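What follows is the residue order along each chain.
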Amino acid sequence: MKNFKFDVDYVRDQFPALSRSVNGNPAAFFDGPGGSQVPRRVVAAIEDYLFYHNANAGGEFLTSKDNDRLFRRGREVLADFLNCAPEEVCFGANTTSNNIRLAFGFLRTLKAGDEIIITDIDHEGNRSPWRTLADFGIVVKSVSLDPETCTLNFDDYKAKLSDKTKLVCVNWAANACGTITDVKAYIELAHKYGAVTVVDAVHYAAHKPIDVKAIDTDILLCSAYKYFGPHVGVMYIRKELGESFPSVRVYAEDNADMPTKMETGTLSVANICGAAAAVEFIADLGEKYGECFEEELGALQGRRRDIVAGMLAIDAYEDGLVGRIRSELSAIDNLKLYMAPEGTPRTTTVSFTIHGVNSAEVGKFLAEKGLFVWNGDFYALEIVHNVLKLGPQGGLVRIGLAPYNTEQEVDRLLAAIKEFAAAHK
Ligand SMILES: Cc1ncc(COP(=O)(O)O)c(C=O)c1O
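Residues numbered from 1 in each chain as written. Predicted model: local features only at pLDDT ≥ 70, side-chain atom pairs only at ≥ 80, totals over all residues. Heavy atoms only, no water.

In the annotation of an unreviewed UniProt entry, the entry for the chain reads Cysteine desulfurase, and the organism field reads Intestinimonas butyriciproducens.

**Q** So, the side chain of D31: which residues are in play, and what are the values?
**A** Along the chain, D31 turns up in the loop between β3 (28-29) and α2 (40-52). For the buried D31, which has no salt bridge, the nearest side chain bearing the opposite charge is R398, at an N-O separation of 8.3 Å. Leaving out residues up to four positions away in the same chain, D31 has contacts with Q37, F372, W374 and G400. (Helix = DSSP H or I, 4+ residues; strand = E, 2+ residues; numbered from the N terminus. Buried < 20%, exposed > 50% of the residue type's maximum accessible area, 1.4 Å probe, protein only. Lys, Arg positive; Asp, Glu negative; His and termini not counted. Salt bridge = Lys/Arg side-chain N within 4 Å of Asp/Glu carboxyl O. Contact = heavy atoms within 4.5 Å.)

**Q** Mind laying out the UniProt feature "domain: Aminotransferase class V" (unreviewed entry) in the chain, listing which residues take part and the relevant values?
**A** UniProt records the feature "domain: Aminotransferase class V" (unreviewed entry) at residues 29-287 and 310-413, using the numbering of this structure. Secondary structure within residues 310-413 divides into 43% helix and 16% strand; the distance between the first and last C-alpha atoms comes to 26 Å. (UniProt positions renumbered as here; feature names shortened; annotations may be inferred.)

**Q** Lay out the pairing of strand β9 (residues 165-171) with the relevant residues and their values.
**A** Burial within β9 is extensive, with six of its seven residues counted as buried. Where β9 and strand β10 (residues 196-200) come together, five bridges link them in parallel fashion. Residue pairing for β10: V170 is matched across the bridge by V199. The β-α-β motif built from β9, the intervening helix α7 (residues 183-192) and the parallel element β10 has right-handed crossover chirality. (Pairing = 2+ DSSP bridges. Right-handed = clockwise from strand over helix to strand, strands pointing away.)

**Q** So what's going on with the domain arrangement of the chain? Residues and values would help.
**A** Annotation of the chain at the domain level lists domain 1 (8-37 + 304-418) and domain 2 (43-278). One C-alpha centre belongs to domain 1, the other to domain 2, and the line joining them spans 26 Å. Taken together, the 40 residues of domain 1 in the interface contact 36 residues of domain 2. Across the interface of domain 1 and domain 2, roughly 3,000 Å² is buried in total on both sides, 61% from carbon and sulfur atoms. On the domain 1 side of the interface with domain 2, the three residues burying the most area are R304, M311 and T347, jointly 21% of the side's total. Counting every contact that joins domain 1 to domain 2 gives two salt bridges. Here E382 makes a salt bridge to R127, at a shortest N to O gap of 3.3 Å. Run the count over domain 1 and domain 2 and you get 19 residue pairs in polar contact (both at pLDDT 80 or more). Counting residues per element, the ones that place at least two in the side of domain 1 that touches domain 2 are α12 (302-330), α14 (381-387) and β17 (396-399). Looking at the side of domain 1 that touches domain 2, the element that brings in the most residues is α12, giving eight residues. (Domains from an automatic or database assignment. Buried area = accessible area lost by both parts, 1.4 Å probe. Polar contact = N/O pair within 3.5 Å; in protein donor to acceptor, adjacent residues only side chain to side chain.)

**Q** Break down the packing of aromatic side chains for me, citing the residues and quoting the values.
**A** In this structure the tally under the stated criterion is 21 aromatic pairs. Through a chain of ring-to-ring contacts, the aromatic side chains of F4, F6, Y289, F293 and Y317 assemble into a single cluster. When the ring centre of Y338 is taken as reference, the NZ or CZ atom of K336 above it lies at 5.0 Å. When the ring centre of F378 is taken as reference, the NZ or CZ atom of R398 above it lies at 3.9 Å. (Phe/Tyr/Trp six-rings, centres within 6.5 Å; stacked < 30°, edge-to-face > 60°. Lys NZ or Arg CZ within 6 Å of the ring centre and 35° of its normal.)

**Q** Quick one: what's the story with the layout of surface pockets, residue by residue and with numbers?
**A** Approximately 370 Å³ is the volume found for the largest pocket. H123, N175, V202, Y225 and K226 are the residues nearest the centre of the largest pocket, which is lined by 20 residues in total. Taken together, domain 1 (8-37 + 304-418) and domain 2 (43-278) each give at least three residues to the lining of the largest pocket, which thus spans both. (1 Å grid on protein atoms, 1.4 Å probe; cavity = no way out; pocket = protein on both sides within 12 Å on 5 of 7 lines; lining within 4 Å. Points joined across faces, edges and corners; volume = space filled by probe spheres on them.)

**Q** Outline the pattern of salt bridges, listing residues and values.
**A** Counting across every chain of the model gives 27 salt bridges. In this structure, K111 and D114 form a salt bridge, with 3.1 Å as the shortest nitrogen-oxygen distance. D114 gets classed as buried once you look at its relative accessible area, which sits at 6%. Each of D120, E124, R127, R131 and E382 takes part in one network of salt bridges that share partners.

**Q** I'd love a proper account of unusual backbone geometry, names of residues and values included.
**A** A cis amide bond, omega -5°, links M258 with the succeeding residue P259. With respect to the helices, strands and loops of the structure, P259 is situated in the loop between α9 (239-244) and α10 (269-289). At N3, a residue that is not glycine, the phi angle is positive and equals roughly 50°. Exposure remark for N3: the relative accessible area of 74% places this residue in the exposed category. With a phi close to 65°, N83 is a non-glycine residue in the positive phi region. Mapped onto the secondary structure, N83 falls in the loop between α3 (62-82) and β4 (89-92). Relative accessible area serves as the criterion here: at 27%, N83 is assigned to the partly exposed category.

**Q** Lay out the site of the ligand in plain terms, naming residues and giving numbers.
**A** As a matter of local geometry, the ligand sits amid N94, T95, T96, H123, N171, N175, D200, V202, S223, Y225 and K226. Take T95: an N or O atom from its main chain is 3.0 Å from an oxygen atom of the ligand. Within the side chain of K226, a nitrogen or oxygen atom sits 2.7 Å from an oxygen atom of the ligand. Considered on its own, the ligand offers 390 Å² of accessible surface; in the complex 91% of this is hidden by protein. Here the ligand is seated within the largest pocket. (Near = heavy atom within 4 Å. Areas by Shrake-Rupley, 256 points an atom, 1.4 Å probe, with all protein chains shown as cover. Sits in = over half its atoms within 2 Å of the grid points.)

**Q** I'd love a proper account of helix α4 (residues 95-107), names of residues and values included.
**A** The periodicity of an α-helix, 3.6 residues per turn, causes residues three or four places apart in sequence to face the same way. For α4, spanning 13 residues, the distance from its first C-alpha to its last is 18 Å, which sits close to the expected 18 Å at 1.5 Å a residue. T95, N98, N99, R101, L102, A103, G105, F106 and L107 are the residues of α4 that are buried. Elements in contact with the buried residues of α4: β4, α5 (128-131), β9, β10, β11 (219-223) and β12 (233-237). With a side-chain oxygen lying 3.3 Å from the backbone nitrogen of T96, the N-terminal cap of α4 falls on N94. (Expected span 1.5 Å × (residues − 1).)

Spelled out as structure tokens, the structure:
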């Protein structure tokens, strides 16, 4: 990275939500891991589709042809986001629904006694769909987690893998605590046993560039509403796997090709247009800051280069903000941080509790000052309730960073947390 100076005002001008206020305080959105804010161009793309191109697929008339063209374009843009071919991109309502569809498709190939590995660090969106298969005699095992370091136990994974393992479903970045798992190592080992891999990149996608080919996963899922888009689930399925995959049967689609066979019913092409515009927002940042990342970008070209550059710029900017959050919060003696140790890859999401206080109280106090953070379990039920055992105190308080956050917002947030902690000693 060379001569990087992020123009946060250029970003902020694109997000109308940042004009909101609470009790005279400008709203500061630290709620990104639950869903980011949306730039104007995303809403413009959705509006343009609904006003001028709205029709079902496959007709001979103008608007239906527009629909098909925009749908195809959405696949192309998202393919560049993930580094795959457009026919390897499948859309759905959200990641949880995509996983449910996958689980019931795989069920057609599995037999009682076959095994699936999931992890304790995952959101239920990448656990519950697979756990449901236990009702059909499939054995579901979960990789354990070290509560001190908030990292998965790779030795436990190795011990759980066997010739019976048919699927490994692993999280890339944890929405509860920001830990980034070395999914490549999990995938490499899974493939040695002939297992299919499913990577949950929902949290990761908002912070780091994704390259499905570099990690060599069979399947990867993310959701556009976490990275400046509307609510639509995006799923990569490796072409050869997808072609032989016994998708959930829908009569009309039984013999369909990839990616259509994975897409049940009529999709929101309006939101797919919005998801493409969200990626273009990232690519636009990449065009602006590409020169700073020439070394990292190497021989990448075109839109893929811009997207990767945009994500590197977002990552570098957020990284500059998070250091102070981590160090100043760790100096508060009645506050406990839940994060992987220095040196372990992690996103800029920072979670904590205040001793003896329900996390909802912290959330409410900050909300009154216009500081929007999440509190609770964020559907990461296993880690929050069973591993960290934080149910009785209302789970975690979670700070998420996005490229529209500023130093001044971080100042306000830290001052408010210190005030709250001091008053609850
Ligand atoms: C890590 C992770 N996985 C999965 C999901 C579920 O995604 P969706 O809401 O698109 O079903 C979330 C949502 O917060 C998440 O953070």
